[in-house]
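# Fold and geometry: a report
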Amino acid sequence: MQRVRKAVLPVAGLGTRFLPATKAMPKEMLTVVDRPVIQHAVQEALASGIEQLIFVTGRGKTAIEDHFDHAFELEATLAARGKDEALQTVEATNFPPGTIAYVRQQEPLGLGHAVWCARHVIGDEPFAVLLPDDIILGDQPCLAQLLDVYENLATDNGANLIGVEGVEPEMTRKFGVLDIDRWLDDETSFIAKGIVEKPRPEEAPSNMAVFGRYILDPTVLKHLDKQERGTGGEIQLTDAIDASIREGVPTLGHLCEGRRFDCGSKEGFVLANVAYALQDDLMGPSLRRAIQELVRED
Ligand code: G1P
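Structure report, in brief.

Cut-offs used in this document
Residues numbered from 1 in each chain as written. Predicted model: local features only at pLDDT ≥ 70, side-chain atom pairs only at ≥ 80, totals over all residues. Heavy atoms only, no water. Helix = DSSP H or I, 4+ residues; strand = E, 2+ residues; numbered from the N terminus. Rg over C-alpha atoms; globule rule 2.2 N^0.38 Å. Buried < 20%, exposed > 50% of the residue type's maximum accessible area, 1.4 Å probe, protein only. Contact = heavy atoms within 4.5 Å. Areas by Shrake-Rupley, 256 points an atom, 1.4 Å probe, with all protein chains shown as cover. Lys, Arg positive; Asp, Glu negative; His and termini not counted. Charge placed at Lys NZ, Arg CZ, Asp CG, Glu CD. Pairing = 2+ DSSP bridges. Near = heavy atom within 4 Å. Polar contact = N/O pair within 3.5 Å; in protein donor to acceptor, adjacent residues only side chain to side chain. Salt bridge = Lys/Arg side-chain N within 4 Å of Asp/Glu carboxyl O.

### Details of the overall build of the protein chain
- Looking only at helices and strands, the protein chain features eleven helices and 13 strands.
- The C-alpha radius of gyration of the protein chain comes to 20 Å, within 12% of the 19 Å expected for a compact globule of 298 residues.
- By principal-axis analysis of the C-alpha atoms, the protein chain measures approximately 60 × 50 × 40 Å.
- Looking at the protein chain as a whole, 48% of its 298 residues are labelled buried.
- Considering only contacts in the protein chain between residues 6 or more positions apart, those separated by 24 or more positions represent 75%.
- As presented, the protein chain carries roughly 15,400 Å² of accessible surface, and 49% of it is formed by carbon and sulfur atoms.
- Side-chain charges in the protein chain split into 30 positive and 47 negative, and the spacing between the mean points of these groups amounts to 5 Å.

### Let's talk about the environment of E228
- Relative to the helices and strands, E228 resides in the loop between α8 (219–224) and α9 (237–246).
- E228 gets classed as exposed once you look at its relative accessible area, which sits at 56%.
- For the pair formed by E228 and P36, sequence separation is 192 residues and the distance between their alpha carbons is 33 Å.
- What E228 contacts, discounting residues up to four positions off in sequence, is E234, I235 and Q236.

### What to know about the pairing of strand β6 (residues 127–130)
- Neither face of β6 is exposed, since F127 and V129 on one face and A128 and L130 on the opposite face are all buried.
- Inspection of the sheet shows strand β1 (residues 6–10) paired to β6 by three bridges, in the parallel sense. Bridge pairing in β6 places K6 opposite F127.
- In this structure, β6 lies alongside strand β11 (residues 208–216), joined through four bridges in antiparallel fashion. Residue pairing in the sheet places V129 in a bridge with Y214 of β11.

### A few points about the site of the ligand
- The ligand sits among L111, L131, D134, F175, G176, E197, K198, V210, F211, Q236 and T238.
- Within the contact set of the ligand, an oxygen atom lies 2.7 Å away from a side-chain nitrogen or oxygen of E197.
- At 2.6 Å from an oxygen atom of the ligand is found a main-chain nitrogen or oxygen belonging to V210.
- About the coverage of the ligand: the protein hides 73% of its 380 Å² of free accessible area.

### Structural notes on unusual backbone geometry
- Cis geometry is adopted by the peptide bond preceding P20, which originates at L19 and carries an omega value of 5°.
- Relative to the elements of secondary structure, P20 occurs in the loop between β1 and β2 (31–32).
- For E187, which is not a glycine, the phi torsion comes out positive at approximately 60°.
- Mapped onto the elements, E187 comes out in the loop between β9 (176–183) and β10 (189–197).
- By relative accessible area, E187 is classed as exposed at 60%.
- Of note, Q227 is a non-glycine position whose phi angle comes to about 60°, a positive value.
- For Q227, the location among the structural elements is in the loop between α8 and α9.
- With relative accessibility at 26%, the residue Q227 sits in the partly exposed group.

### Quick look at the side chain of N94
- Following the sequence through the fold, N94 ends up in the loop between α4 (84–91) and β5 (100–104).
- Classification of N94 as buried rests on a relative accessible area of 17%.
- At a separation of 3.0 Å, a polar atom in the side chain of N94 contacts the side chain of H70.
- Filtering out sequence-adjacent residues up to four positions away, N94 remains in contact with F68, D69, H70 and E75.

### Details of the pattern of salt bridges
- Enumeration according to the criterion identifies 14 salt bridges in this entry.
- The salt bridge partner of R200 is E203, with a shortest N-O separation of 2.9 Å.
- For R200, a relative accessible area of 39% corresponds to the partly exposed category.
- Between K222 and E247 there is a salt bridge, and its shortest N-O distance comes to 2.5 Å. Remark: E247 occurs in the loop between α9 and β12 (251–255) and K222 occurs in helix α8; sequence separation between them is 25 residues.
- Overall, the relative accessible area of 40% leaves E247 in the partly exposed class.

This is the structure we're talking about:
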């Protein structure tokens, strides 16, 4: 398979669920423990071997661009004061020039439209999509797991590979859901024969839900060119993937290892903070005791 070098990160959403916190700050800059939500996805992509990140941004998102840039005064002050550890932490958010490209989505017309806005930067090669609201805690980066599977696929026709997790039937209306053709031998991947955006439980083809990590064949962009509206009146990435399945591009779902947190919801965001903080060597043990105490008192 052709190597996957580029990843698209749509970050143009308004973050209305987190108002007033997101009134003057992009929702992607809310922190999970000590780093913004967006940094978790960026680190996952880079740790998985992605070389170029394409952010699809919108109005009011400049804090994201500033976050992944030199902060000259801050860095000079930390260096002058000998705060080496803090300096390293700040420097770790700078990447070689050209690593990140920013493309603007002028109107909120849907996830498919956001990805389509990046089409000229993606070009004609397979690419990853990471929805940064979803962060995954696990031993191996989630995207790296998908890339392992992807690189071992043998097809002449490209492929789409989508991270999935099993959800309760009543939850299908919140996700893209895959229609399973057949499971592969290792029982962690299956071939899909279709995908539907946010089906009602009684119409869902399975309970295998898309959670925000994709590797896509560039032909998906051709389907997005049509700008067809789908569920919720939006241009859906799901519909373009479905069209690509119907055109014969092999499409697989893969169950990734790790615990997923939906930082696009308040509950998921709070839970992510707790889970990541519990993993921290310094604060984990005392935090565990404090949480147990809180729960007992509740
Ligand atoms: C988007 C996708 C959906 C996917 C979900 C994962 O929906 O359209 O297919 O399952 O992300 O988080 P959204 O949550 O943006 O409505």
